[in-house]
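So you can see what is in the structure, the chains are spelled out below.
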Amino acid sequence: MLGDDAELTAAVLAAQDGDETAFRTVYRTVHPRLLGYVRTLVGDLDAEDVASEAWLQIARDLDRFTGDADRFRGWAARIARNRALDHIRMRGRRPAIGGDETELTAKAGESDTAGEAMEALATGRTLSLIARLPQDQAEAVVLRVVVGLDAKTAAETLGKRPGAVRTAAHRGLKRLAELLGADPESPGGLDALPSQREPRGRAVTSAGVTHPRARTQKDM
């Protein structure tokens, strides 16, 4: 397990044991990327509110979680996605999905997206370009590249097959490279952004200690 992930795993375990400082560490580590994902679903205007709702649920249900940093990111992303979809239904809006996603399940990507992808979004402008992708591609890119999930965990979050997520991410990254190349405000294209870490093995731990009270945004 890499150093950052080991620290996040330890912070999650301590937070489950009621350590408020550890929970703030978890929040500060995961929130920026989770917020980026929520923005692809609900837009800038509502993203903070939806992310806040997700964190309230994460805090409330933390004692039920078992796993390491990778699993925590996937678990948090599923909660955030559910809250975002609830918000969309309540507002009577739908994500702008481009095309039929079922065609992706039978076709593998040309290469493993994780090896080619960005580690994080460099600018808000790049995030706005990702929002222009078809919804399935935008979600796959953000989950794989920004949140840092592997294909299997991203697929579980989206309720799809790993091959479908790889293909959607590959297509999304290809389109994003085209958009960045044509965007005068993004001179370096994808080359201006750091590379993502290679997929790694997962050492799963378990913890189920109930924290004494639900945390609030103020605690974070």
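Rules used throughout
Residues numbered from 1 in each chain as written. Predicted model: local features only at pLDDT ≥ 70, side-chain atom pairs only at ≥ 80, totals over all residues. Heavy atoms only, no water. Buried < 20%, exposed > 50% of the residue type's maximum accessible area, 1.4 Å probe, protein only. Helix = DSSP H or I, 4+ residues; strand = E, 2+ residues; numbered from the N terminus. Axes fitted to C-alpha atoms, helices over the stretch in contact; angles between N-to-C directions. Parallel < 35°, antiparallel > 145°, perpendicular 65-115°, else oblique. Left-handed = near helix turned anticlockwise from the far one by under 90°. Contact = heavy atoms within 4.5 Å. Nonpolar A, V, L, I, M, F, W, Y, C, P; charged D, E, K, R; others polar. Salt bridge = Lys/Arg side-chain N within 4 Å of Asp/Glu carboxyl O.

## Quick look at helix α6 (residues 135–147)
By the criterion of burial, α6 is predominantly enclosed, with 13 of the 13 residues buried. Positive backbone phi, approximately 90 degrees, marks Gly148, located one or two places after α6.

## Observations concerning the packing of α6 against helix α7 (residues 151–158)
The geometry of α6 relative to α7 is characterised by a closest axis approach of 10 Å and an angle of 135 degrees between their N-to-C directions. One finds that α6 runs oblique with respect to α7. In terms of crossing hand, the pair formed by α6 and α7 is right-handed. Here Glu139, Leu143 and Arg144 of α6 lie close against α7, whose contacting residues are Ala151, Ala154, Thr157 and Leu158. Looking at side-chain class alone, the contact of α6 with α7 contains 4 nonpolar, 1 polar and 2 charged residues.

## A few points about the pattern of salt bridges
Evaluated as defined, the whole model comprises 9 salt bridges. Asp70 is the partner of Arg73 in a salt bridge, and the nearest nitrogen-oxygen pair spans 2.6 Å. Taken together, the residues span about one helical turn, with Arg73 and Asp70 both in helix α4 (residues 69–91) at a distance of 3 residues. In this structure, Arg73 and Asp70 share a single accessibility class: buried.

## With respect to the environment of Ala77
Its place among the elements puts Ala77 in helix α4. Along the sequence, Ala77 and Leu35 sit 42 residues apart, while their C-alpha atoms lie 9.6 Å from each other. When residues no more than four places from it in sequence are discounted, the contact partners of Ala77 are Leu34, Tyr37, Leu143, Leu149 and Thr157.

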